[in-house]
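Listed below are the residues making up each chain.
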Amino acid sequence: MRISEAARRLGTSARMLRYREELGLLPQVRDPLAGLSWRVAAPAGAAGAAGAAGAGRGATHRQFTEADLEAVAAALELERRYDISPASLAFGLRVLAEPQVRAAVADLGRRLGRIPPTPGRALDFEKERALRLLGRR
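Residues numbered from 1 in each chain as written. Predicted model: local features only at pLDDT ≥ 70, side-chain atom pairs only at ≥ 80, totals over all residues. Heavy atoms only, no water.

**Q** Break down the pattern of salt bridges for me, citing the residues and quoting the values.
**A** This model, assessed by the stated rule, comprises eight salt bridges. As a salt-bridge pair, Glu5 and Arg8 come within 2.6 Å of each other at their nearest N and O atoms. Remark: Arg8 and Glu5 occur in helix H1 (residues 3-10); sequence separation between them is three residues, near one turn of the helix. Between Arg81 and Glu77 there is a salt bridge, with its nearest N and O atoms 3.8 Å apart. (Salt bridge = Lys/Arg side-chain N within 4 Å of Asp/Glu carboxyl O. Helix = DSSP H or I, 4+ residues; strand = E, 2+ residues; numbered from the N terminus.)

Below is the structure:
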């Protein structure tokens, strides 16, 4: 189905679906030839969309499957349940998918005290505490 029908069935707008796609909140297009016409821009001096989309072909539109709709509906439910924005959800997915981002966020969480220190650091703390207590005697 086309984006307008998908948006209608999800209770959102086509513009919001495009925004969610830019954020990485839509399943990837399985067919590399099924591009998104709203992103296709004709090169300067080109005579129409056929030059941008390929010789003799018009711009193609993403077709949404039932699985795509289910994935978007799950994202919408998470946003509602946790009262977060699409950008926040996209960042959460990025944290889960990219090890470098995950490590940086975990480090920040430890620095802020929201995540317990790693076991090695906890043992160092306990060792220092024990040595301080022994030094008082």
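**Q** Residues and numbers for the nonpolar core, please.
**A** Formed by Ile3, Ala6, Ala7, Leu10, Ala14, Leu17, Leu26, Phe64, Leu69, Val72 and Leu76, the largest nonpolar core amounts to 11 residues. Going through the elements one at a time, H1, helix H2 (14-23) and helix H4 (66-82) are the ones with two or more residues in this core. For Val72, the contacting residues outside a window of four places in its chain are Leu10, Leu17, Leu25 and Leu26. (Core = buried A, V, L, I, M, F, W, Y, C linked by side-chain atoms within 4.5 Å. Buried < 20%, exposed > 50% of the residue type's maximum accessible area, 1.4 Å probe, protein only. Contact = heavy atoms within 4.5 Å.)

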